[in-house]
Amino acid sequence: MIRFQTFKAINQEDSATTEPVRASVGRKSSSYASLGLVLLAAMLLTGSVHGAQQSTPRDFSTISRAIDTWFENQPEYQPGDLITRAQIETVLKKLAAAGVRVPDAQAISQLGLANDSYLVRELTTPAGRRFMHKLSHDPGAYSHLDRLSEIPRGQKTINDLIREKDGDKLIDYLSTTKGGQKMGSMMGSVSGGVDLNKPTGRIYTVDDFEAVLKTALAKTASSESQTTDIK
């Protein structure tokens, strides 16, 4: 626990030596941050790095880069692809082993789609992957597909779109244009329908995962700072 007296002692250092010391600390901090990135990335990739728990950096950008690296090393993965609950669970366990305490980790993993879910099964076929890669630029595509899969004949519609040459364009239209969004909302008013624009709250991509993770870690940091003893 860092006390206020510690900061007072630092500020009372001789002015003739303060700047060189600070410069040295700055260089060391930069080196430690770089080392931390390497160690955390190694932990995520291999699952074991001696001393990684003590060296894990606190800034989220380093954690984010390590997560990106882990996913980039997964077979057939491309940025923007749908990720699964099992992958999220694996990364959260590796983060915990690296010393990154994530609150409600189990609840976070449950936001991902299971490996046997309809959307994961369809988008991991060869045709499904080609379809998915065309939609990777659209952050709302997976949510719309997920909602669409819940309505009568919705899964049949998705199957057809995957196999049609320009099937991805309908999902783009629904999620990126005013006309498409209006149509998506209207589908919620028909019998057995659902509002395609209504957020699901699920994690579909690495970006979604990191956004949820960043929020969870920020809440923990805020809570810890409020209980810090500064007497």
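This is a predicted model, so every value here is computed, not measured.

Calculation rules
- In this numbering scheme, every chain counts its residues from 1 along its sequence in written order.
- In keeping with the model being predicted, local features are shown solely for residues with a pLDDT of at least 70 and side-chain atom pairs are shown and tallied solely at 80 or more, while totals for entire chains, interfaces and linings include all residues.
- Computation of side-chain values: all heavy atoms of the structure, hydrogens and water removed.
- Each helix corresponds to a stretch of at least 4 residues labelled H or I by DSSP, and each strand to a stretch of at least 2 residues labelled E; elements are numbered beginning at the N terminus.
- We call a residue buried when its accessible area falls under 20% of the maximum for its residue type, exposed when it is over 50%, and partly exposed in between, using a 1.4 Å probe and counting protein chains only.
- Between two residues, a contact is recorded if the distance between any of their heavy atoms is within 4.5 Å.
- In summary, the pairing rule links any two rings of Phe, Tyr or Trp, Trp by its six-membered ring, whose centres are within 6.5 Å, and it sorts them by plane angle into stacked for under 30 degrees, edge-to-face for over 60 and tilted for everything else.
- By definition, a salt bridge exists where a carboxyl oxygen of Asp or Glu is found within 4 Å of a side-chain nitrogen of Lys or Arg.
- Note on patches: the residues involved have over 30% relative accessible area and no salt bridge, like charges join within 9 Å, and the nonpolar side chains Val, Leu, Ile, Met, Phe, Trp and Tyr join within 5 Å.
- Note on areas: these come from Shrake-Rupley sampling with a 1.4 Å probe, and a residue is covered only by the protein chains present in the view.
- Nonpolar cores were defined as sets of buried Ala, Val, Leu, Ile, Met, Phe, Trp, Tyr and Cys residues, with membership established by side-chain atoms within 4.5 Å.
- Expected span of a helix: the number of residues minus one, times 1.5 Å.
- Charge assignment in this entry is limited to Lys and Arg as positive and Asp and Glu as negative, and neither His nor the chain termini are counted.
- Any pair of nitrogen or oxygen atoms within 3.5 Å is treated as a polar contact; in protein, a donor-acceptor pairing is required on top of that, and neighbouring residues in sequence qualify only through side-chain atoms on both sides.

The helix and strand inventory of the protein chain stands at 13 helices and 0 strands. Each helix (α) and strand (β) of the protein chain, taken in turn from the N terminus, gives the series α-α-α-α-α-α-α-α-α-α-α-α-α. The buried share among the 231 residues of the protein chain stands at 37%. Considering only contacts in the protein chain between residues 6 or more positions apart, those separated by 24 or more positions represent 68%.

So, about the environment of A114. The residue A114 is located in the loop between α6 (105-109) and α7 (118-123) in this model. Taking the C-alpha atoms as reference, A114 lies 5.2 Å from R85; in sequence the two are 29 residues apart. In this structure, A114 is in contact with R85 and V120, ignoring residues within four places of it in sequence.

For the rest of this paragraph, the subject is the side chain of T84. Note that T84 resides in the loop between α4 (60-72) and α5 (85-97). A relative accessible area of 10% means that T84 is categorised as buried. In this structure, T84 is in contact with L113, N115 and V120, ignoring residues within four places of it in sequence.

On to the packing of aromatic side chains. A full pass over the atoms with the stated rule returns 3 aromatic pairs. Ring centres 5.7 Å apart and planes at 45° place the aromatic pair F71 and Y77 in the tilted group. Every member of this aromatic cluster is reached through a ring pair, and the members are W70, F71 and Y77.

In the structure shown here, the tally under the stated rule is 7 salt bridges. Among the ionic pairs, R202 bridges to D146, the shortest N-O distance being 2.4 Å. Of this pair, R202 sits in the loop between α12 (178-186) and α13 (206-226) while D146 sits in helix α9 (residues 141-148), placing them 56 residues apart in sequence. The class for D146 is buried, based on a relative accessible area of 6%. A salt bridge links E150 to R202, with the shortest nitrogen-to-oxygen separation between them at 3.9 Å. A residue pair is termed long-range when its members are at least 10 positions apart, and E150 in the loop between α9 and α10 (154-163) and R202 in the loop between α12 and α13 qualify at 52 residues.

Before going further, it helps to examine unusual backbone geometry. Trans is the common state for peptide bonds, and a negative phi is the common state for residues other than glycine. For E76, which is not glycine, the phi dihedral falls at a positive 70°. Structurally, E76 is set in the loop between α4 and α5. When its relative accessible area of 56% is taken as the criterion, E76 is described as exposed. Despite not being glycine, R153 shows a phi value in the positive range, around 65°. Take R153: it is sitting in the loop between α9 and α10.

Turning to a nonpolar patch on the surface, a few remarks are in order. Taken together, L170, Y173 and M183 make up a surface patch of nonpolar side chains, about 250 Å² in accessible area. Mapped onto the fold, Y173 is located in helix α11 (residues 168-176). By relative accessible area, which is 35% here, Y173 ends up partly exposed.

It is worth spelling out the nonpolar core at this point. In this structure, L82, L119, L123, F131, Y142, L145 and I171 are the most contacted members of the largest nonpolar core, which totals 23 residues. At the level of elements, α7, α8 (126-135), α9, α10 and α11 are the ones that each hand at least two residues to this core. Excluding its chain neighbours within four sequence positions, the residues that come into contact with L123 are L82, G128, R129, F131, M132, Y142 and I162. F60, L92, L95 and I108 belong to the second-largest nonpolar core, a separate cluster that totals 20 residues.

Its 13 residues place the ends of α4 18 Å apart at the C-alpha level, agreeing with the 18 Å of an ideal helix rising 1.5 Å per residue. Listing the buried residues of α4 in full gives F60, T62, I63, S64, A66, I67, W70 and F71.

Here D81 lies in the loop between α4 and α5. No salt bridge is formed by the buried D81. Its closest oppositely charged neighbour is R129, at 4.2 Å. At 2.9 Å, the side chain of D81 forms a polar contact with the backbone nitrogen of Q78. Looking at D81, its side chain comes within polar contact range of the side chain of H133, at 3.2 Å. Dropping the residues within four chain positions of it, D81 is found in contact with E76, R129, M132, H133, Y142, Y204 and T205.

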